[in-house]
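Commentary on secondary and tertiary structure
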Amino acid sequence: MVIENLNDVPHFGFGMMRLPLLDPDDVTNIDIEQVCRMADVFMEHGFTYFDTAYPYHKGYSERAVKEVLVNRYDRESFLLADKLPAWSLHEKEDVERIFNEQLERTGAGFFDFYLLHSVEKQWYPIYEKYDCFNWALKKKEEGLIRHFGFSYHDDPELLDMILTAHPEVEFVQIQMNYLDWENPVVQAHANYDVCRKHGVYVNVMEPVKGGTLAALPEKETEILRKVNPDGSTASWAIRFVLSHEGMLTVLSGMSSMDQMNDNMRTVSDFHPLNDQENKAVHEVVSSMLDKPAIGCTACRYCVDGCPMRITIPELFRAMNSYTMYGDNNRARGYYKAAVSGDHARASDCIQCGRCETSCPQHLPIRTLLEKVKDVFD
Ligand code: SF4
Ligand code: SF4
């Protein structure tokens, strides 16, 4: 599908990082049949954008693209985004090697959208060192990439500097949701403004903050329900993002048909938040910020490198359940499940710090695990 004007990309994309699993303990064991059904319904509704990346599902998300899309659909009927991982680049040749591996895994032939993954202070120098911006332009000339951008997890000053140095960038993927809009770590609002200033399209990730905004506590749900009794809590989050201009697409990492149907309804029948609704969202944010929730988006980038096999996002989920919902039984259930089998407890953390270098949310994971330990161990 040749997209001349990026405005024409449907404003809702299928994030393939939290696909449904056949075995909940094995992220490589994707329920391909269910993903096929979801993709079919997604496409039937006129949506076409699919987003994968080299590390998603330990490489099996890219393989799922082949089974679900490439083998079943005309290549020009869908749009595919993939990403280059700086943390796997150890010499210049790795850039080409990984790109070819991605073409091989997906069988896609080319990528409609290609991103440098997770550009931030830690990784940006690697992308420059291996000349990845110019490399991407060459790939565009060769027809192997149609549109080029990067995903971003840092402050607006660095973003401004990179976009000034690289006017060839067409879009930037940022974390954007109403809870992170003024979050001093994520700085979604300021990053959005920088993108607009440079005239690049904004691709949104984490619009429901890893599911947090789809499952609000009762008090916050009631604030929204009073204003609009029919909208799901997730629909408010999607509408907040889509109420802004300059969007390429809003990516939702969907794990079930229900989530997908709800999101599609919201986007197909989209109307921007009105003043009263914006006020309600602000009220929810104030109420949520009163609780010390851990801003983990469950991206799982930290998990593989942990020598103790601690399932960090699951432990944080238990902790958030404990602090946000005051639901001790449910929280303990989450914790018990997270430390089952050969997974370690929070108290097994050896404080090596490896996890913190890969966390795009810059969470002080070691300190937070101490708190988890105090509550659950
Ligand atoms: S600091 Fe703890 S949780 Fe983080 S990687 Fe090391 S052992 Fe795992
Ligand atoms: S702790 Fe950080 S890296 Fe780990 S899952 Fe949460 S947000 Fe992702």
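Bear in mind the structure is a predicted one, so any value in this text is a computation, not a measurement. (Residues numbered from 1 in each chain as written. Chains lettered and ligands numbered in written order. Predicted model: local features only at pLDDT ≥ 70, side-chain atom pairs only at ≥ 80, totals over all residues. Heavy atoms only, no water.)

With that out of the way, let us pick up the overall build of the protein. In terms of regular secondary structure, the protein is built from 15 helices and 8 strands. Dimensions along the principal axes, computed over C-alpha positions, put the protein at roughly 55 × 50 × 45 Å. Residue burial in the protein is summarised as follows: out of 377 residues, 55% are buried. By element, 50% of the accessible surface of the protein is carried by carbon and sulfur atoms, the whole surface being about 16200 Å². Positive and negative side-chain charges in the protein, numbering 38 and 58 respectively, have mean positions lying 4 Å apart. (Helix = DSSP H or I, 4+ residues; strand = E, 2+ residues; numbered from the N terminus. Buried < 20%, exposed > 50% of the residue type's maximum accessible area, 1.4 Å probe, protein only. Areas by Shrake-Rupley, 256 points an atom, 1.4 Å probe, with all protein chains shown as cover. Lys, Arg positive; Asp, Glu negative; His and termini not counted. Charge placed at Lys NZ, Arg CZ, Asp CG, Glu CD.)

Right, let's talk about the site of ligand 2 for a bit. Among the 13 residues in the neighbourhood of ligand 2, the closest are listed as Cys-296, Cys-299, Arg-300, Cys-302 and Cys-359. Class assignment of the residues belonging to the shell around ligand 2 gives a composition of 10 nonpolar, 2 polar and 1 charged. (Near = heavy atom within 4 Å. Nonpolar A, V, L, I, M, F, W, Y, C, P; charged D, E, K, R; others polar.)

Let's shift gears to the site of ligand 1. Near ligand 1 lie 14 residues; those nearest to it are Cys-306, Cys-349, Cys-352, Gly-353 and Cys-355. Of all the elements in the fold, those that place two or more residues in the shell around ligand 1 are α14 (354-357) and α15 (365-376). Taken together, the residues of the shell around ligand 1 sort by class into 10 nonpolar, 2 polar and 2 charged.

Glancing now at the domain arrangement of the protein. Reports of interface size often rely on the accessible area that becomes lost once the parts have come together. Here the protein is described as being made up of domain 1 (6-288) and domain 2 (312-376). The distance between the C-alpha centroids of domain 1 and domain 2 comes to 26 Å. At the interface, 11 residues of domain 1 touch 6 residues of domain 2. Among the residues domain 1 hides against domain 2, the three largest losses belong to His-153, Val-185 and Pro-217. Together they make up 42% of the total. In the side of domain 1 that touches domain 2, the residues fall into 6 nonpolar, 4 polar and 1 charged. (Domains from an automatic or database assignment. Contact = heavy atoms within 4.5 Å. Buried area = accessible area lost by both parts, 1.4 Å probe.)

You will see that Arg-309, though not glycine, has its phi angle at about 55°, which is positive. With respect to the element layout, Arg-309 can be found in the loop between α11 (275-289) and α12 (312-325). Positive phi, normally seen in glycine, also occurs at His-362, with a value near 55°. Mapped onto the secondary structure, His-362 falls in the loop between α14 and α15.

To continue, consider the nonpolar core. Core analysis: the biggest nonpolar cluster contains 91 residues, and Phe-50, Leu-84, Tyr-127, Phe-150, Val-172 and Tyr-178 have the highest contact counts within it. Ranked by the residues each element gives to this core, the list is headed by helix α1 (residues 32-44), at 8 residues. Filtering out sequence-adjacent residues up to four positions away, Leu-84 remains in contact with Leu-89, Val-95, Ile-98, Tyr-114, Leu-115, Leu-116, His-117, Tyr-127, Cys-132 and Trp-135. (Core = buried A, V, L, I, M, F, W, Y, C linked by side-chain atoms within 4.5 Å.)

Turning to the sheet that holds strand β7 (residues 201-205), a few remarks are in order. Pairing is parallel around the closed barrel formed by 8 strands, whose spatial order is β1-β2-β3-β4-β5-β6-β7-β8. Between one strand axis and the next, the sheet turns by 30° as a mean value, whatever way the strands run. Examined bridge by bridge, strand β1 (residues 12-15) and strand β8 (residues 247-253) share 4 bridges and lie parallel to one another. For Phe-12, the partnering residue across the bridge sits in β8 and is Val-250. Helix α10 (residues 257-268) contacts β1 and β8 of the sheet and is inclined by roughly 165° relative to β1. (Pairing = 2+ DSSP bridges. Axes fitted to C-alpha atoms, helices over the stretch in contact; angles between N-to-C directions.)

Let's shift gears to the packing of helix α13 (residues 328-338) against α15. Where α13 contacts α15, the two axes come as close as 11 Å, and the packing angle between them is 115°. With respect to their mutual orientation, α13 and α15 come out roughly perpendicular. In terms of crossing hand, the pair formed by α13 and α15 is left-handed. Between α13 and α15, the contacting residues are Ala-331, Arg-332 and Tyr-335 on the first element and Val-372, Val-375 and Phe-376 on the second. Across the contact of α13 with α15, the residue classes tally to 5 nonpolar, no polar and 1 charged. (Parallel < 35°, antiparallel > 145°, perpendicular 65-115°, else oblique. Left-handed = near helix turned anticlockwise from the far one by under 90°.)

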